[in-house]
Amino acid sequence: MSVNRYFKKCLDFSICCSIGDEGVVHAEHERERSTMYQIMVKGSGKIGIPFENNSVEIAKAPAFVDMKKYMGKHTVFQSDESFMMYGFNTLDKNQMWDAKLVTESFQGNDSYRLVCFDGRPIINGVELERMDYAQLENKDYNVQINDGMVGLFWKI
């Protein structure tokens, strides 16, 4: 059983990625837990707070899960099958973000951050790859999702 972890610091957020085998168990310390959204691209698993009843979130790909209630808490993740999972993390635990999956064309806003998590979606003629991100502008965005997974994030 193995897991590889990746990290990308962006202007005002960060993205982490874990890719691993079935049966992986990974603990995260409360000081490091700044994940607001967990994005399961492949596989499935459970995450929860150790020793607390009813604290388990279950995700099976594709999943886009709000994880704010776990911020600043010890967590444990256990994979049920091989997996690829991303985390959208705030750099300031006092700054909250909201998010949604992009499924169609939309009107942009300069407060939006766009992140590609899977596939090769095309947005305004540009083909995206995993972990590509952009700060958007106030204009129309033409989206061809092409079985991709793209998140839109904004500060609240």
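Keep in mind the model is a prediction, meaning the values are calculated, not measured.

The next subject is the nonpolar core. Inside soluble globular proteins, nonpolar side chains tend to come together where they are buried. By size, the foremost hydrophobic cluster in this structure holds 19 residues, and its most contacted members are I15, Y86, F117 and F153. The set of elements that each furnish at least two residues to this core consists of β2 (13–20), β4 (35–42), β9 (83–90), β10 (97–101), β12 (112–118) and β18 (149–155). Of all the elements, β4 adds the most residues to this core, at 4 residues. Every residue in contact with I15, bar those within four places of it in the chain, is listed here: Y6, F7, K8, C10, Y86, G87, N89, V115, F117 and M131. Counting residues in hydrophobic clusters, the runner-up holds 13 residues, among them F106, Y112, V143 and W154.

Attention shifts here to the sheet that holds strand β6 (residues 57–60). Reading across the sheet, the 4 strands line up as β3-β8-β5-β6 and stay open at both edges, with antiparallel pairing between neighbours. Every interior strand has two partners, whereas the edge strands, β3 (25–28) and β6, have only one. This sheet shows a mean twist of 20° between the axes of neighbouring strands, independent of strand direction. Relative to strand β8 (residues 75–79), strand β5 (residues 44–48) is paired through 4 bridges, and the arrangement is antiparallel. By the bridge assignment, G48 is partnered in β8 with V76.

The rules behind each value
Residues numbered from 1 in each chain as written. Predicted model: local features only at pLDDT ≥ 70, side-chain atom pairs only at ≥ 80, totals over all residues. Heavy atoms only, no water. Core = buried A, V, L, I, M, F, W, Y, C linked by side-chain atoms within 4.5 Å. Buried < 20%, exposed > 50% of the residue type's maximum accessible area, 1.4 Å probe, protein only. Helix = DSSP H or I, 4+ residues; strand = E, 2+ residues; numbered from the N terminus. Contact = heavy atoms within 4.5 Å. Pairing = 2+ DSSP bridges. Axes fitted to C-alpha atoms, helices over the stretch in contact; angles between N-to-C directions.

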